Amino acid sequence: MLSLSNPHDLIGFLTEKRKSGSRIGFVPTMGALHKGHISLVERAKKECDFVVVSVFVNPTQFGPNEDFNKYPRSIEADSQMLVAAGSDMLFLPNVSDIYPDAQPEISITIAGMDKILEGKTRPGHFNGVLLVLARLFNILGPCKTYLGLKDFQQVAVVKKMVQELFFPVEIVPCPTLREADGLAMSSRNRYLNEEERQQALFLFNALRLAKREYAEGKPTSEIQNEVKVLAENYPLIKLDYIEIVESSTLLPVEILTNSKNPVALIAAWCGTTRLIDNIPLIP
Ligand code: AMP
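Bear in mind the structure is a predicted one, so any value in this text is a computation, not a measurement.

1. A closer look at the sheet that holds strand E2 (residues 24–29)
If you walk across this open sheet you meet the 6 strands as E1-E4-E3-E2-E5-E6, and the pairing is parallel. With partners counted over all chains shown, the strands left at the sheet margins are strand E1 (2–4) and strand E6 (169–174), one partner each. Ignoring which end each strand starts from, the neighbouring axes of this sheet average 25 degrees apart. Bridge count between E2 and strand E3 (residues 50–55): 6 bridges; the pairing is parallel. Paired with Thr 29 across the two strands is Val 55, which belongs to E3. Its contacts with the sheet place helix H7 (residues 152–164) against strand E5 (143–148) and E6, and it is angled at close to 165 degrees to E6.

Written as structure tokens, this is what we have:
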């Protein structure tokens, strides 16, 4: 696997690759890789000729009291997993490579969608995500970009940016990989101690409850109440939100008949670790 850290080197390299007819696949990550990330790399490998994986813990998407400094970093293990998955290029920039301008003067906002759900609890988070992806997309050039539906709102927000700003990028949403008991794989699962790991199952259990009740025609508010009641059985859990929204707009859905493609989204703290997950309500 090749490795580069300088954006201009990667731009030059990929320009040549494209001239020789290669279709570029891109998987942006923050490292601390697990099988969920690897499933994106494997999909990219099947559909593209040359796959670039970036590992970059993006400071601008973390709030001041969030876990940027302690975010897990494990580049040796990551590289080995990427080689095994068939990644062709590791892009491993430093913060100053992506942000040479310590105080960026251009920001990207998205009206509405960045103020709800994750954006409500994590103000500025999606501005950071869009800022880094806009830069990465311009470095990568025309490509297919593989994003995990585990971060459902992120996929919606990024798709909007790509569409409205004419980035020459095709977004490929990919399904969430789970542990055997249903917990969505996440780099942040590494923070959980044994007891928290058990209780983290609350998220998937709550989503399954929501799905069952939605199929029975229960209104959203009732489902939300039942999830709150369920949370009482998990003393280490603090529910942030459980919302049922239409997947394309992220607007709230009240009852089944109103929605073509409803999805339940959940966020909760498990001890001091914030976890998110989601489930489509109609298979
Ligand atoms: P991250 O390193 O957490 O920024 O994630 C990098 C990419 O991997 C994002 O597109 C995530 O949505 C995706 N991802 C994270 N967890 C999973 C998972 N369990 N299954 C599939 N994709 C995932």
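2. What about the nonpolar core?
The biggest cluster of nonpolar side chains holds 45 residues, and the ones touching the most others in it are Val 52, Phe 137, Leu 140 and Val 158. When near neighbours in sequence (up to four residues on either side) are disregarded, Val 52 contacts Leu 10, Leu 14, Ile 24, Gly 25, Phe 26, Val 27, Met 89, Phe 91 and Leu 140. Counting 29 residues, the second-largest nonpolar core is a separate cluster that includes Leu 209, Ile 223, Ile 237 and Leu 275.

3. A short note on the environment of Met 161
Tracing the sequence through the fold places Met 161 in helix H7. With relative accessibility at 4%, the residue Met 161 sits in the buried group. With 28 residues separating them in the primary sequence, Met 161 and Leu 133 have C-alpha atoms 9.6 Å apart. The contacts of Met 161, once residues within four sequence positions are left out, are Ile 108, Leu 130, Leu 133, Ala 134, Phe 137, Phe 166 and Phe 167.

4. Details of the pattern of salt bridges
Considering all chains together, one arrives at 14 salt bridges under this definition. Note that Glu 66 and Arg 122 form a salt bridge whose closest N and O atoms lie 2.6 Å from each other. With a gap of 56 residues between them, Glu 66 in the loop between E3 and helix H3 (75–85) and Arg 122 in the loop between helix H5 (118–121) and helix H6 (125–140) connect regions that are remote in the sequence. A relative accessible area of 30% means that Glu 66 is categorised as partly exposed. One salt bridge in this structure joins Arg 188 and Asp 67, with 2.9 Å as the shortest N-O distance. Of this pair, Arg 188 sits in the loop between E6 and helix H8 (194–199) while Asp 67 sits in the loop between E3 and H3, and the two are 121 residues apart along the sequence. For Asp 67, a relative accessible area of 12% gives the class buried.

5. Topic: the site of the ligand
Around the ligand, 16 residues are found, and the nearest of them are Met 30, Gly 148, Asp 151, Leu 177 and Met 185. His 37 has a polar side-chain atom sitting 3.0 Å from an oxygen atom of the ligand. In the environment of the ligand, a nitrogen atom lies 2.9 Å from a nitrogen or oxygen atom belonging to the backbone of Met 185. Burial of the ligand by the protein chains amounts to 92% of its free accessible area of 480 Å². Taken together, the elements giving at least two residues each to the shell around the ligand come down to E2, helix H2 (35–47) and E5. Class assignment for the residues of the shell around the ligand results in 8 nonpolar, 6 polar and 2 charged.

6. Some points on the pairing of E5
In the sheet, E2 pairs with E5 via 2 bridges, with the strands oriented parallel. The residue bridging Phe 26 from the neighbouring strand is Thr 145, located in E5. The pairing of E5 with E6 spans 6 bridges and is parallel. For Gly 148, the partnering residue across the bridge sits in E6 and is Cys 174. Taken together, E5, H7 and E6 form a β-α-β motif whose crossover is right-handed.

7. Points about the pairing of strand E8 (residues 262–270)
With 8 of its 9 residues buried, E8 lies for the most part within the structure. Note that strand E7 (residues 237–246) and E8 share 9 bridges and pair antiparallel. Bridging from a neighbouring strand, Ile 242 pairs with Ile 266 of E8. As paired elements, E8 and strand E9 (residues 273–280) share 8 bridges and run antiparallel to each other. Its bridge partner being in E9, Leu 265 is matched across the sheet by Asn 278. Here E8 folds back onto E9, and the loop between the two strands holds 2 residues, one of which, Gly 271, carries a positive phi near 65 degrees.

Scoring rules and cut-offs
Residues numbered from 1 in each chain as written. Predicted model: local features only at pLDDT ≥ 70, side-chain atom pairs only at ≥ 80, totals over all residues. Heavy atoms only, no water. Pairing = 2+ DSSP bridges. Helix = DSSP H or I, 4+ residues; strand = E, 2+ residues; numbered from the N terminus. Axes fitted to C-alpha atoms, helices over the stretch in contact; angles between N-to-C directions. Contact = heavy atoms within 4.5 Å. Core = buried A, V, L, I, M, F, W, Y, C linked by side-chain atoms within 4.5 Å. Buried < 20%, exposed > 50% of the residue type's maximum accessible area, 1.4 Å probe, protein only. Salt bridge = Lys/Arg side-chain N within 4 Å of Asp/Glu carboxyl O. Near = heavy atom within 4 Å. Polar contact = N/O pair within 3.5 Å; in protein donor to acceptor, adjacent residues only side chain to side chain. Areas by Shrake-Rupley, 256 points an atom, 1.4 Å probe, with all protein chains shown as cover. Nonpolar A, V, L, I, M, F, W, Y, C, P; charged D, E, K, R; others polar. Right-handed = clockwise from strand over helix to strand, strands pointing away.

Worth remembering: the numbers are spatial, not functional.
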